[in-house]
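Coordinates in review
Take a look at the letters that make up each chain.
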Amino acid sequence: MTYINTLGNRLKRGLLKFSEKVSKGLPKPARKFVAEMVYGIAASNSCKLTEIGRALKEDIPLKKSVDRLSRNLANFSHSEIVMNNLVAAVRPSLGSNTMLLLDPSDVTKPCSPKMEAIGKVYDASTGKFAQGYWTMGVVALTEENQQPVPVYERLYPCKKQGGAGGTEETKKALQHLREHFGPEIPRVLDRGFDAEGYFREFFAHDEKFILRQNQNRVAIHHGKRTCIDEIVRGLDCTHELSFRGKYGLSKCRIGMTTVALPNMGNLKMNLAVCKGIGAKPLALYTNLDETLDTLAVRVVKAYLMRWRIEEFYAFKKQALHFEDFRVRGLKSIQALDLLLTIAAAYIGLLSANASSDPFVVRLIQLSKRVERLASFLKNTKFFYYALADAVSRSLACLNPRLSRFYSSPSLPSPQLCFADFVKMG
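Residues numbered from 1 in each chain as written. Predicted model: local features only at pLDDT ≥ 70, side-chain atom pairs only at ≥ 80, totals over all residues. Heavy atoms only, no water.

Regarding the packing of helix α2 (residues 28-44) against helix α11 (residues 330-351)
Quick note on the threshold: Axis definition: a line fitted to C-alpha atoms, over the contacting stretch in the case of helices. Angles run 0 to 180 degrees between N-to-C directions. Per the convention used, a helix needs a DSSP run of H or I reaching at least four residues, while a strand needs a run of E reaching at least two, with both numbered from the N terminus. Each crossing gets its handedness from the near helix: less than a right angle anticlockwise from the far helix is left-handed, clockwise is right-handed. By the convention used here, residues are in contact when the closest approach between their heavy atoms is within 4.5 Å. Here the term charged refers only to Asp, Glu, Lys and Arg, the term nonpolar to Ala, Val, Leu, Ile, Met, Phe, Trp, Tyr, Cys and Pro, and the term polar to all other amino acids, Gly among them.
Across the interface, α2 lies against α11 with an axial gap of 9 Å and an inter-helix angle of 65°. As α2 runs across α11, the sense of the crossing is right-handed. Residues F33, V34, M37, V38 and I41 of α2 lie in contact with α11, whose contacting residues are L336, L339, L340, I342 and A343. Split by residue class, the contact of α2 with α11 holds 10 nonpolar, no polar and no charged.

Structure follows, in structure tokens:
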């Protein structure tokens, strides 16, 4: 028990320090609220306000705690400041060779038709449409072990329910990245972003990108106007790449050529093609300007790392139970999504040091998911689940007492005091 308490106390200090960084510049009540939510989510592995309230272990009725958290969620208006602070807090763990993975996701609530601005979204996990909301997120990969750490998150309703739409939300995300990251850091996007507007925006700001080909475009290749699909089929792929995926070790062949898109003023970019991963070749546009010998392999490896953002979304839903939230107002849901992302970001920073920090190794060893530690550290690529379990178990043994960290200093008593007065009775 003493061993777990030692880990828990160090975790609590680190979590409160991280919360202070994220909430820098906010009023004291807002900073306290952020700390309570982030601590409660990490300690309970839940986004239900009742579970968060129980994790806080306050000396008041649970209903009072839930009412306070619910009221603060509805009135939370500091999302932009918190998101900017989040980037500054996680930036030291990213390094210079990071990548920015951008992808939309969904949050479905099929049994909650009365929630504010809820609409029909496509649930990628079931392949069907359901009632819910869209999210736009960006994660950056850490320097040491390529763990995804969130740097942008926003939940928004469908266009029919008053939302701005996926294109506008994507532009907001790209502008956020433009303000905090240099143009030399590649933006990695899936096939849903294969549109002329995004190409023009990247070239206008001289930003590097890797984007999967989706549309049956016409391009100029070797001075001849032809279809992209024909170029992909006829390209000679000579480089071999071995990688370990979901189904074990796989091999593929990679090739690259240069194409120009006539509909966009003959903009030139590289087209990397990977054959052997799936039934259809993987085709990627990029404007990275390395030599063809090294660029083809780097581009394909970078895109294969894009699955880390999918794993991050799955973690939020499975380990932190994001789709099980019980607040109804849109503003409360958006604030809860952001605070849940902050709690996940703290776990991501722990994951970034999973192989080198003895404290993080002890946390992983504490997790009930891990039996053979050395084998786990060697073979595991995604440490979020083990660390989330360990963080929850460590904090469950503590009494948080977060109020005393944000309480005002006690004022001197206004009662008169005489030096030689002796209290009677």
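This is not the end of the story, as more comes after the structure.
Here's the deal with the side chain of T286
Our working definition: What qualifies as a polar contact is a pair of N or O atoms within 3.5 Å, subject to a donor-acceptor requirement within protein and to the restriction that residues adjacent in sequence count only when both atoms come from side chains.
One can find T286 in strand β12 (residues 282-286). A polar side-chain atom of T286 sits 2.8 Å from the main-chain carbonyl oxygen of F209. The residues contacting T286, other than those within four sequence positions of it, are F209, I210, M256, M269, N270 and V299.

Looking at unusual backbone geometry
Worth spelling out the cut-off: The buried label goes to any residue with under 20% of its type's maximum accessible area, the exposed label to any with over 50%, and the partly exposed label to all in between, with areas taken from a 1.4 Å probe on protein chains only.
The phi torsion at A117 lies on the positive side, around 60°, for a residue other than glycine. Positive phi, close to 60°, is recorded for Q146, a residue that is not glycine. Mapped onto the fold, Q146 is located in the loop between β3 (128-141) and β4 (148-156). With a relative accessible area of 26%, Q146 lands in the partly exposed category.

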